[in-house]
Amino acid sequence: MNPEARTTASYVELPPAPGLVDHVRTVWVQTTGTVPYVQRHLPTGGAELHWPIGGPPRLLGPLTGPRVEVIPAATTLLGVRFHPGAPLLIPGGVGDLRDQRVPLDELGHRWVDRLGEAIARAATPRAALRVLQDFLLRRVRTAAPDPLVRAAVRLLMPWTPRDVGAVADHLGLSASQFRRRCLGAVGTGPKSLQRTLRFQGFLALAQAGATATGRRGADGMAGLAVDVGYADQAHLSREVRRLTGLTPGGLLGADVDRCSCGHDHTASYAPFLVGRRPQVPR
């Protein structure tokens, strides 16, 4: 790959290839340029694959809190963010990988070196990302998501808050069965997953520069907090600090319409906006 591609810092996030949409939330290419980059990974509900071109790939398990990593200078990294419970790389579920970052070759995959060589031969980072996605597309044929877990994730999404017990009843499971099923496939219990998805919904609104719907007369960050299912802004602040180690203002750069990291996360957050209630007149 051309060394000049590594001299300028950049981050480009893209929707996944059409055949991956049931498994993958977003993909990206990140280049650190001439200085290291301090990356704060946040809980998303799913696992992530981080593949530095020319370096060893790692799988980041589902997070329950922030994880800070320093990405070395002159690194071009391919990223894949999976939906909760997606089985493409771990058919048995990611329950044992919660809050862990594991080298991909330690998970028993014999294809890692071969795929790494193909990625390194790609002419550009975008071409390397296509190589990685083409490989994942081939795995889709033998890695169907658990339909019950998929339904559970859909029911726990923001905008239409549901009690976890009610979701278990809807799925025909006891509370303990529901928890075991989520822990095995997703890596967290259903309540923790619901909190993470609600937090991601809030970020989706903030990144989109969305305005509050006006429910309860709330504006700004307080309004978005209520829209996504928090009781109030204080509830939002407690949850954001627990999940990220920062206040909402520190996370968003004191604005409701941007992320302080400066990256465009439109591709990642678009799926969360589909079910949002339409804005109502005040």
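One can find the structure itself at the top, above this paragraph.
This one's a predicted model, so the numbers in the text were calculated from it and none came from an experiment.

Draft legend 1. Quick look at the sheet that holds strand β5 (residues 58–60). In space, the six strands of this open sheet follow the order β1-β2-β7-β4-β5-β8, with antiparallel pairing throughout. Edge positions in the sheet fall to β1 (10–14) and β8 (101–103), since each has one partner strand and no second. Between one strand axis and the next, the sheet turns through 20 degrees on average, direction left out of account. Direction of pairing for strand β4 (residues 48–52) relative to β5: antiparallel, over a ladder of three bridges. Across the sheet, the residue bridging to Leu49 is Leu59, located in β5. Taken strand by strand, helix α2 (residues 125–140) contacts β1, β2 (24–31), β4 and β7 (76–82), and its axis lies near 35 degrees from that of β7.

Draft legend 2. The environment of Arg150, seen in detail. In this structure, Arg150 sits in helix α3 (residues 147–156). It is 7.4 Å that separates the C-alpha atoms of Arg150 and Gly85, two residues lying 65 residues apart in sequence. Aside from chain neighbours lying at most four places away, what touches Arg150 is Asp22 and Pro145. Of the polar contacts made by the side chain of Arg150, one reaches the side chain of Asp22; its length is 2.8 Å.

Draft legend 3. Expanded view of helix α8 (residues 233–244). Taking 1.5 Å per residue, twelve residues should reach 16 Å; α8 reaches 16 Å between its end C-alpha atoms and fits that length. Buried within α8 we find His235, Leu236, Glu239, Val240, Leu243 and Thr244. Viewed along the axis of α8, the buried residues span an arc of 130 degrees, placing them on a single side of the element. Against the buried residues of α8 lie β3 (37–41), α6 (190–207), α7 (220–228) and α9 (248–252). The residue sitting at the N-terminus of α8 and contributing the capping side-chain oxygen is Asp232; that oxygen lies 3.2 Å from the backbone nitrogen of Ala234.

Draft legend 4. Fine view of a negative patch on the surface. Taken together, the side chains of Asp105, Glu106, Asp113 and Glu117 present a region of like negative charge at the surface. Mapped onto the fold, Glu106 is located in the loop between β8 and α1 (112–121).

Analysis parameters
Residues numbered from 1 in each chain as written. Predicted model: local features only at pLDDT ≥ 70, side-chain atom pairs only at ≥ 80, totals over all residues. Heavy atoms only, no water. Pairing = 2+ DSSP bridges. Helix = DSSP H or I, 4+ residues; strand = E, 2+ residues; numbered from the N terminus. Axes fitted to C-alpha atoms, helices over the stretch in contact; angles between N-to-C directions. Contact = heavy atoms within 4.5 Å. Polar contact = N/O pair within 3.5 Å; in protein donor to acceptor, adjacent residues only side chain to side chain. Expected span 1.5 Å × (residues − 1). Buried < 20%, exposed > 50% of the residue type's maximum accessible area, 1.4 Å probe, protein only. Arc of directions from axis to C-beta. Patch = residues over 30% accessible without salt bridge, like charges linked within 9 Å, V, L, I, M, F, W, Y side chains within 5 Å. Areas by Shrake-Rupley, 256 points an atom, 1.4 Å probe, with all protein chains shown as cover. Salt bridge = Lys/Arg side-chain N within 4 Å of Asp/Glu carboxyl O. Lys, Arg positive; Asp, Glu negative; His and termini not counted. Charge placed at Lys NZ, Arg CZ, Asp CG, Glu CD.

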